[in-house]
Structures are given as structure tokens and as C-alpha cells.
Amino acid sequence: MFDRIKRNFKSKESIVLMLMAHGFFNRMSDEKYLRLKYKMIFGKELNLNNPQTFSEKVQWLKLYDRRPEYTIMVDKYAVKAYVEKLIGKKYIIPTIGVWDNPDDIDFSTLPDRFVLKCNHNSGLGMFICKDKKTIDEKKVRADLAAGLKENFFLRGREWPYKNVPHKIIAEKYMEDRVTGELRDYKFFCFNGEVKALFIASDRQSEDEETKFDFFDADYNHLPFTNGHPNASITPQKPICFEEMKRLASILSKGIPQVRVDFYEVDGQVYFGELTLSHWSGMTPFKPDKWDLVFGKWITLPEKRV
């Protein structure tokens with residue numbers, strides 16, 4: 001087995017990261033795991049004693065900022081009630097159904113278009129239905145079952161996901177008529193202050209790679225990439241940009257750093273999710289000076305929780 005691994009991977013780092021992804025280091029303590037993964041990705045030791053960059057500070061927050069409410073905030077089902085209390089029901093995408101087992105889903109009761117996803121992870125098991133006549137129910141159930149089994153906490157030791165009760169939710173299908181897709185508008189917030197955002201486009205395209213374009217709080221395009229390339233045509237400012245910033249400020253108040261995600265559908269803002277560890281803090285900024293820029297915006301708590 002290990003001979004085959006060596007042939008398929010060109011570096012020690014890529015081998016270790018592959019083994020980590022397959023659970024070979026699951027019993028390692030959170031701190032040791034994060035130190036190892038960080039070194040494999042960034043090629044240097046993780047500084048937890050005096051973290052400076054965004055990536056370093058996100059690892060520190062994973063280990064030492066563990067408030068109980070964070071578990072609700074990352075639960076894609078429970079967070080809806082949390083957010084509704086803060087900004088109102090009109091910003092919440094309607095939930096059509098909730099299940100503990102994919103075999104309990106009665107597809108005949110669902111509308112022609114909808115979205116199915118797990119509440120505790122990011123992507124695995126998600127199904128976007130644009131035409132119910134084309135559904136392979138057996139495959140959808142199998143994918144959801146795989147998603148329910150995923151321990152998302154172990155991938156990046158993001159503590160808030162550790163105790164989220166695993167469920168499946170169905171949501172109303174959303175699409176903006178102007179852009180022809182459902183674009184994410186993701187705001188980087190630091191104790192109630194919006195400092196930057198990125199727009200994710202081409203996410204539902206089968207032919208195009210997802211694009212990320214970063215902007216400052218005044219919607220000036222920022223010259224770096226993080227995880228995905230920029231779009232060939234810079235996305236236009238959303239109609240509800242200022243409203244999104246106002247809402248993001250409310251939802252992020254009192255939190256050292258959190259990414260607040262919204263959608264804009266036909267001129268209406270909808271809440272997407274709260275993310276406490278963008279890319280788990282494990283995706284390099286290019287050029288890397290932006291890792292330090294974002295890091296300066298995070299003021300770490302004086303008291304460890």
C-alpha cells in the first residue's frame with residue numbers, strides 16, 4: 001500500500017496530508033494535529049505563543065476560544081433560529097424538512113426544485129435538485145448517508161462541529177435571475193466590524209472551476225487569491241451590499257473573527273451560514289503578505305475558554 005502511495009504523491013508533505021485526510025492521525029491531540037498539518041501546508045512551524053497571521057490565529061482560536069454557542073452557530077439547522085432572533089425571519093431561507101435518516105425522506109412530498117444537505121459538514125451529501133423527474137433517489141440517499149457519517153471536526157479540528165447533532169435538511173431552491181446562479185457573498189468580520197469579503201461564483205457549474213474574488217469593505221478589488229482563482233470578469237457589487245454589511249456587523253458582534261455569508265436573490269438578502277474558520281485556516285494566501293494583513297484584524301481573547 002505505502003509503495004503505491006509513494007508512486008502517486010511527489011512529496012513527503014502530500015503523503016502526510018493524504019494520510020491525515022484518511023484518518024491515520026485521528027487519535028493525535030488537537031494541538032499536535034494542527035501543528036503537523038500547518039507545517040505540511042505552510043512549510044514552517046505553527047506559532048501559537050505569539051501568532052501573527054490569519055492562519056496562525058485561526059488555529060489558536062480553534063484551541064483556546066471554545067464558547068458553547070459556537071456549536072449552534074455552525075449547525076446549519078439550529079443557526080436559523082439563532083440568526084432569526086438577531087436580524088429577523090425575512091432573511092432566513094425556508095426549511096422544507098428535517099430528517100435523521102435518509103431513508104425517511106419522502107421525495108413525493110418535496111417540490112420540483114429543492115436542496116438537500118447535512119447540517120454538520122461542508123458539501124459531502126449535498127444534492128441540488130433543479131428537476132425532480134431526474135432524481136436517482138438511491139444515489140441521493142447513499143450520498144446523504146455518507147454525509148451523515150462524516151466527522152467534520154476531525155478534518156481540521158474545528159471544535160464547534162464536534163457536538164453538532166447530525167441531521168439532513170431540505171431547503172427551498174434559490175436562484176438569482178440577474179446572475180443566473182446563487183452567488184455567495186462572504187464577509188470577514190472582526191468583533192462586529194466588516195473588513196473584507198469575497199464573492200464565490202461558478203460554484204454550481206460542471207464545466208468551470210469555482211472563482212473567488214476578494215474586496216475590501218468599500219468594494220475595491222483586492223490583488224490576491226486564496227483557494228480559487230479570480231473570475232475573468234470581476235463580479236459587480238450586489239444591490240444589497242450595504243444591507244449585507246449592516247447585517248454582518250450585527251451577527252459578528254462580540255466574536256473575534258467570523259465569516260458571515262449571504263445570498264442575494266432578486267434584490268432580497270438571505271442568510272447563508274456562519275464560518276468560524278475560513279478554509280480551516282489551512283489555505284495559503286497568494287501573495288502571503290495578505291495572511292498577515294488579515295491576521296492584524298484579529299484581536300485574540302485575553303482569556304482562554
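Everything quoted here is computed from the prediction, not taken from an experiment.

Reading the values: rules and limits
Residues numbered from 1 in each chain as written. Predicted model: local features only at pLDDT ≥ 70, side-chain atom pairs only at ≥ 80, totals over all residues. Heavy atoms only, no water. Helix = DSSP H or I, 4+ residues; strand = E, 2+ residues; numbered from the N terminus. Expected span 1.5 Å × (residues − 1). Buried < 20%, exposed > 50% of the residue type's maximum accessible area, 1.4 Å probe, protein only. Arc of directions from axis to C-beta. Contact = heavy atoms within 4.5 Å. Pairing = 2+ DSSP bridges. Axes fitted to C-alpha atoms, helices over the stretch in contact; angles between N-to-C directions. Parallel < 35°, antiparallel > 145°, perpendicular 65-115°, else oblique. Left-handed = near helix turned anticlockwise from the far one by under 90°. Nonpolar A, V, L, I, M, F, W, Y, C, P; charged D, E, K, R; others polar. Core = buried A, V, L, I, M, F, W, Y, C linked by side-chain atoms within 4.5 Å. Phe/Tyr/Trp six-rings, centres within 6.5 Å; stacked < 30°, edge-to-face > 60°.

With that settled, consider helix α7 (residues 137–149). With 13 residues, α7 extends 19 Å between its outermost C-alpha atoms, agreeing within 8% with the 18 Å of an ideal straight helix rising 1.5 Å per residue. For α7, every residue scored as buried is listed here: V140, R141, L144, G147 and L148. Buried residues in α7, looked at end-on, bunch into an arc of 120°, giving them a common side. Exposed and facing more than 90 degrees away from the buried side of α7 are K138 and K149. Packing partners of the buried residues in α7 comprise β2 (114–118), β3 (127–129) and β4 (168–172).

What follows concerns the sheet that holds β4. Two pairing modes exist for strands in a sheet, parallel and antiparallel, and in both the strands are linked by backbone hydrogen bonds. The strand order β1-β4-β2-β3 describes an open sheet built from four strands, whose pairing is antiparallel. Since the sheet does not close on itself, it has two edges, and those belong to β1 (95–99) and β3, each with one partner. Within this sheet the neighbouring strands show an average axis-to-axis angle of 15°, counted without direction. Note that β1 and β4 share four bridges and pair antiparallel. Paired with W99 across the two strands is I168, which belongs to β4. Against the sheet, α7 touches β2, β3 and β4, its axis set at about 35° to β2.

Turning our eyes to something else, we now look at the packing of helix α6 (residues 79–87) against helix α9 (residues 241–252). Across the interface, α6 lies against α9 with an axial gap of 10 Å and an inter-helix angle of 115°. Taken as axis vectors, α6 and α9 run roughly perpendicular relative to one another. Crossing hand, α6 versus α9: right-handed. Of α9, the residues touching α6 (which contributes V83, L86 and I87) are L247, I250 and L251.

It is worth spelling out the packing of helix α4 (residues 54–64) against helix α10 (residues 289–296) at this point. Their axes nearest at 7 Å, the elements α4 and α10 cross at an angle of 50°. Judged by the inter-axis angle, α4 sits oblique to α10. Contacts between α4 and α10 involve F54, S55 and K57 from the first element and D291, F294, G295 and K296 from the second. Classifying every residue of the contact of α4 with α10 by side-chain character gives two nonpolar, two polar and three charged.

This brings us to the pairing of β4. Within a regular strand, the side chains alternate between the two sheet faces. Within β4, four of the five residues are buried, leaving the element largely enclosed by the surrounding structure. Direction of pairing for β2 relative to β4: antiparallel, over a ladder of five bridges. Each bridged residue has a counterpart across the sheet, and for V115 the counterpart in β4 is E171.

To continue, consider the sheet that holds strand β5 (residues 184–190). Taken in spatial order, the five strands line up as β7-β6-β5-β8-β9 in an open sheet, and their pairing is antiparallel. Edge positions in the sheet fall to β7 (211–216) and β9 (268–275), since each has one partner strand and no second. Direction aside, neighbouring strands of the sheet carry axes that sit 25° apart on average. As paired elements, β5 and strand β6 (residues 193–201) share seven bridges and run antiparallel to each other. When the sheet's bridge partners are listed, F187 is paired in β6 with L197. Its contacts with the sheet place α9 against β5, β6, β8 (258–265) and β9, and it is angled at close to 145° to β8.

Core analysis: the biggest nonpolar cluster contains 36 residues, and F187, V260, F262 and F271 have the highest contact counts within it. For this core, the secondary structure elements donating two or more residues are α5 (69–74), α6, α8 (152–156), β5, β6, α9, β8 and β9. At five residues, the largest contribution of residues to this core is made by α9. V260 has contacts with Y185, K186, F187, C189, A248, L251, S252, E273 and L274, leaving out every residue within four places of it along the chain. Formed by 29 residues, the second largest nonpolar core is a distinct cluster that contains Y33, L48, L61 and F285.

Attention now goes to the packing of aromatic side chains. Taken as a whole and judged by the stated rule, the model has 24 aromatic pairs. A centroid spacing of 5.2 Å and a plane angle of 90° characterise the contact between F188 and F294, whose relative ring orientation is edge-to-face. Residue F188 is located in strand β5, and its partner F294 is located in helix α10; the two are separated by 106 residues in the primary sequence. Pair check on accessibility: F188 and F294 agree, each one buried. On the basis of an interplanar angle of 40° and a centroid distance of 4.3 Å, the ring pair of F198 and F212 is categorised as tilted. With F198 in strand β6 and F212 in strand β7, this pair connects stretches of sequence that are 14 residues apart.

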